[in-house]
Amino acid sequence: MNEKIIRQALLHEQVDGKLRCNTCERNCEIPPGKLGFCQTRKNIGGKLYTLEYGDISSLSVNPIEKKPFFHFWPGSRALTAGSWSCNFTCPWCQNHDISKSPQKIGRGKYISPITFIEMVQRCNCQGTSLSFNEPTLLMEYAIDVFDLAKEEGYYNTYVTNGYMTLPALKLLVDHGLDAMNIDVKGEAETVAEFCNADVDKVWRNAIKAKELGVWVEITTLVIPGINDSQECLKGIAQRIKNELGDVTPWHVTAYYPAYKFRDEVYPSPTPVSTLEKAQDIGKEEGLKYVYVGNVPGHPYENTYCPGCGKILIERYGFSLTRYEITPDKRCPTCHQEIALIRGASSVRVQTGKSETGGRKNDLSALG
Ligand code: SF4
Ligand SMILES: [Zn+2]
């Protein structure tokens, strides 16, 4: 194993001869010689180590819309990286090849933070994104990358299940985390049953991140029979509005059978009509920006003015095909203020449609 990927972990404490990892809300108590739940952290001789610092499984130059972020630097590109493993147990994981493969830890390509930022520059990106597997597990690497990114004027983003501890969240923000897309996977019972996690911790972190000045967008992968009931979707929409604010974007995205949910006894892909129902529920509950995801060309991919209904940002998949928000972040017709981080000067509008496929791996091309 490459020694560079084994680094002392930052957040932990001694408890009864074990080490309690304080990176995520599992707070694993790890005896000497053993691994935590996610298998990325190990107690070696009474010290806690991360085993995947900079051990990159996937690397890709992505439109920021792909994360998805629709109100944060629209039209920009983020160099996006992931490593291995996860701290959740979702049986439908859409990225299970890397998130459910802790045995592959150490088999990625080591990319130092400096090299990563050089790639951001070389690939003409405007920022970084840690994604694909759960980036909380890459926290030590993230803060080193974020520090360098800030020195060069780039933004930093996380696509996350939102299960880090508060000290971990604070550390990430202190080192330059600008935006988070947080998965809210369903009601408390569903998240406990399938993900083995407490969804209230996720909501707590979304609220705290906003308080700390991080731009937050919420995503719900809508899975038939799991989290597609009127009651569940309404409950999520109400919490977004009441706890995060009505301008917080909510992405309701299509699921495809994967991992343990891939044979005929498990749910089939999300019908578009279900996503449209979710979008309607979000709007009825007062959310200003609700988007259907993973359905390229759907009209609910666009941003409509909450004041007059005009299309302000037209999208096809992850490309912008029209952008009409004024430099002072308003609708040009009715002058309604639009929730947006970074104005029109950075926006790249494309003509025609671009590919919208899954995670592409540019590791070899960029190495
Ligand atoms: S990151 Fe979370 S799951 Fe992994 S060892 Fe630490 S507390 Fe456990
Ligand atoms: Zn308007």
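Coordinates for the structure precede this section.
Residues numbered from 1 in each chain as written. Chains lettered and ligands numbered in written order. Predicted model: local features only at pLDDT ≥ 70, side-chain atom pairs only at ≥ 80, totals over all residues. Heavy atoms only, no water.

Further remarks concern the overall build of the protein chain. Within the protein chain one finds nine helices and 19 strands. Radius of gyration (C-alpha) of the protein chain: 20 Å, near the 21 Å computed for a compact globule of 367 residues. With the C-alpha coordinates of the protein chain rotated into their principal frame, the extents come out at 65 × 45 × 40 Å. Classification of the 367 residues of the protein chain by burial places 55% in the buried group. Sequence separation of at least 24 residues holds for 67% of the intrachain contacts in the protein chain that already meet a minimum separation of 6. Entry remark: accessible area of the protein chain is about 14,700 Å², with carbon and sulfur atoms responsible for 47%. (Helix = DSSP H or I, 4+ residues; strand = E, 2+ residues; numbered from the N terminus. Rg over C-alpha atoms; globule rule 2.2 N^0.38 Å. Buried < 20%, exposed > 50% of the residue type's maximum accessible area, 1.4 Å probe, protein only. Contact = heavy atoms within 4.5 Å. Areas by Shrake-Rupley, 256 points an atom, 1.4 Å probe, with all protein chains shown as cover.)

Turning to the site of ligand 1, a few remarks are in order. All residues adjacent to ligand 1 are Cys 21, Thr 23, Cys 24, Arg 26, Asn 27, Cys 28, Gly 36, Phe 37, Cys 38, Arg 41, Asn 87 and Leu 137. Placement of ligand 1 is best described as lying within the largest cavity. Classifying every residue of the shell around ligand 1 gives six nonpolar, four polar and two charged. (Near = heavy atom within 4 Å. 1 Å grid on protein atoms, 1.4 Å probe; cavity = no way out; pocket = protein on both sides within 12 Å on 5 of 7 lines; lining within 4 Å. Sits in = over half its atoms within 2 Å of the grid points. Nonpolar A, V, L, I, M, F, W, Y, C, P; charged D, E, K, R; others polar.)

Let us look at the layout of surface pockets. Roughly 1,200 Å³ of internal volume is contained in the largest pocket. Lys 67, Gln 94, Asn 95, Leu 221 and Asn 294 are, among the 47 residues lining the largest pocket, the residues nearest its centre. At the level of elements, β12 (155-160), β13 (179-183), β14 (215-222), β15 (250-254) and β16 (290-293) are the ones that each hand at least two residues to the lining of the largest pocket. Residues belonging to the lining of the largest pocket are distributed by class as follows: 20 nonpolar, 18 polar and nine charged. (Points joined across faces, edges and corners; volume = space filled by probe spheres on them.)

Relative orientation of the contacting elements helix α2 (residues 113-122) and helix α3 (residues 139-151) amounts to 50°, with a least axis distance of 9 Å. Put simply, α2 runs oblique to α3. Where α2 crosses over α3, the handedness of that crossing is right-handed. When α2 is examined against α3, the residues Pro 113, Ile 114, Phe 116 and Ile 117 are found in contact with a partner set consisting of Tyr 141, Asp 144, Val 145, Leu 148 and Ala 149. Grouping the constituent residues of the contact of α2 with α3 by class yields eight nonpolar, no polar and one charged. (Axes fitted to C-alpha atoms, helices over the stretch in contact; angles between N-to-C directions. Parallel < 35°, antiparallel > 145°, perpendicular 65-115°, else oblique. Left-handed = near helix turned anticlockwise from the far one by under 90°.)

As a further point, take the coordination of the zinc ion (ligand 2). Around the zinc ion (ligand 2), the donor atoms from the protein are Cys 305 (SG), Cys 308 (SG), Cys 331 (SG) and Cys 334 (SG), and they sit 2.3 Å away. Each donor residue of the zinc ion (ligand 2) lies on one chain, and together they are spaced C-x2-C-x22-C-x2-C. Of the two residues, Cys 305 sits in the loop between β17 (303-304) and β18 (311-316) while Cys 331 sits in the loop between β19 (319-323) and α9 (363-366), which places them 26 residues apart along the sequence. Here Cys 305 and Cys 331 have matching classes, each one buried. (Donors = N, O, S within 2.8 Å, 3.2 Å for Na, K, Ca; no water.)

Within this structure, the stated rule accounts for two cavities of 30 Å³ or more. Taken as a whole, the largest cavity holds about 90 Å³ of empty space. Taken as a whole, the second largest cavity holds about 50 Å³ of empty space. Lining the second largest cavity are Gln 279, Lys 283, Lys 288, Tyr 289, Val 290, Tyr 291, Asn 302 and Tyr 304. When residues of the lining of the second largest cavity are traced back to their parent elements, those giving at least two are α8 (272-284) and β16. Here the residues of the lining of the second largest cavity sort into four nonpolar, two polar and two charged.

Take α3 next. A rise of 1.5 Å per residue sets the reference length of α3, with its 13 residues, at 18 Å; its end C-alpha atoms lie 19 Å apart and thus fit the reference within 8%. Of all the residues in α3, the buried ones are Met 139, Glu 140, Tyr 141, Ala 142, Ile 143, Val 145, Phe 146 and Ala 149. (Expected span 1.5 Å × (residues − 1).)

Further remarks concern the sheet that holds β13. Ordered by their spatial adjacency, eight strands build an open sheet running β8-β9-β11-β12-β13-β14-β15-β16, and the pairing between neighbours is mixed. A strand with exactly one partner marks an edge of an open sheet, and here the two such strands are β8 (58-63) and β16. Here the strands of the sheet are splayed against their neighbours by 20° on average, with no regard to which way each runs. In this sheet, β13 lies alongside β12 in parallel orientation, the contact comprising four bridges. Bridge assignment links Tyr 158 to a residue of β13, and that residue is Met 180. (Pairing = 2+ DSSP bridges.)

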